[in-house]
Amino acid sequence: EDLTPDDTALQLLSLEYSTHNLPMYNSPDFSQGITNGYDWYWANGTLQDWSYDQTGCLDFTMELNDVKWPPASALAGLWDDNRKSLLAFTAGARYGVNGIVTDAVTGLPLDAVITVTGNSKPVVTDPTHGDYYKVLHTGTFELTFEATGYTSQTIGGVSTTWGTPKVHNVALRPGPSTVPQGTPLAHRAA
């Protein structure tokens, strides 16, 4: 089994969910209420595999109950167990580093790729808004920002602390690019 380059951050994000759901966290079946899907049961070519590989999207499966079709009378309790978990998980999606990549001259958003040195899974910006999100554990990282037709920029010493979003906006200057002209960046990151 090969773990994803983002495994540590994925475990921390999973714990954001389970630590706010005591029945899940105290599960006798899974340590701290979480497991790696591959360790639970092996399946090749899942939506999660495809989504992470092809789009960089982080997919999770939350098993909320041991009963496949719980009665309506159980729904209020399930909501109570999971409400804080959902909110914490949503907030945790911004832990690590996020920001906007723009053109330094026009201020317009860019279609860019952001790579963390030592992590082989880059993220891409939303080309319409220029925003990016990379879930990272606590540490100090080196980030490289690239866009077609722009000089890439590498920034070291970007420190993150789990539980706190780190906003890092970058403005790239038009110029020589390490990205071959015409390369669709969304596909380049896969």
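Before reading on, note that the structure itself is shown above.
Below is a short write-up of the structure. (Residues numbered from 1 in each chain as written. Predicted model: local features only at pLDDT ≥ 70, side-chain atom pairs only at ≥ 80, totals over all residues. Heavy atoms only, no water.)

1. With respect to the layout of surface pockets
Rolled over the atoms, a probe sized like a water molecule indicates the empty space that remains.
Piece 1. Considered as a void within the structure, the largest pocket measures approximately 1,700 Å³ in volume.
Piece 2. Along the wall of the largest pocket there are 49 residues; nearest its centre are Thr35, Asn36, Gly37, Trp40 and Thr61.
Piece 3. Listing elements by their share of the lining of the largest pocket, those giving two or more residues are helix H1 (7–18), helix H2 (22–25), helix H3 (37–40), helix H4 (47–55) and helix H5 (75–92).
Piece 4. When the residues that make up the lining of the largest pocket are grouped by side-chain class, the tally is 22 nonpolar, 16 polar and 11 charged. (1 Å grid on protein atoms, 1.4 Å probe; cavity = no way out; pocket = protein on both sides within 12 Å on 5 of 7 lines; lining within 4 Å. Points joined across faces, edges and corners; volume = space filled by probe spheres on them. Helix = DSSP H or I, 4+ residues; strand = E, 2+ residues; numbered from the N terminus. Nonpolar A, V, L, I, M, F, W, Y, C, P; charged D, E, K, R; others polar.)

2. Concerning the pairing of strand S5 (residues 139–146)
Piece 1. For S5, a buried count of 6 out of 8 residues is recorded, marking the element as mostly surrounded by other parts of the structure.
Piece 2. As judged from the 4 bridges shared by strand S2 (residues 113–116) and S5, these two strands associate in the antiparallel manner. When the sheet's bridge partners are listed, Val113 is paired in S5 with Glu146.
Piece 3. Judged from the 6 bridges that link them, S5 and strand S6 (residues 153–160) form a sheet pairing that is antiparallel. If you follow Thr140 over to S6, its bridge partner there is Ser159. (Buried < 20%, exposed > 50% of the residue type's maximum accessible area, 1.4 Å probe, protein only. Pairing = 2+ DSSP bridges.)

3. Quick notes on the pattern of salt bridges
Piece 1. Within this structure, the stated rule accounts for 1 salt bridge.
Piece 2. Lys134 is the partner of Asp6 in a salt bridge, and the nearest nitrogen-oxygen pair spans 2.9 Å. In this pair, Asp6 sits in the segment before H1 while Lys134 sits in strand S4 (residues 131–135), placing the two residues 128 residues apart along the sequence. This pair shows no difference in class: Asp6 is buried, exactly as Lys134 is. (Salt bridge = Lys/Arg side-chain N within 4 Å of Asp/Glu carboxyl O.)

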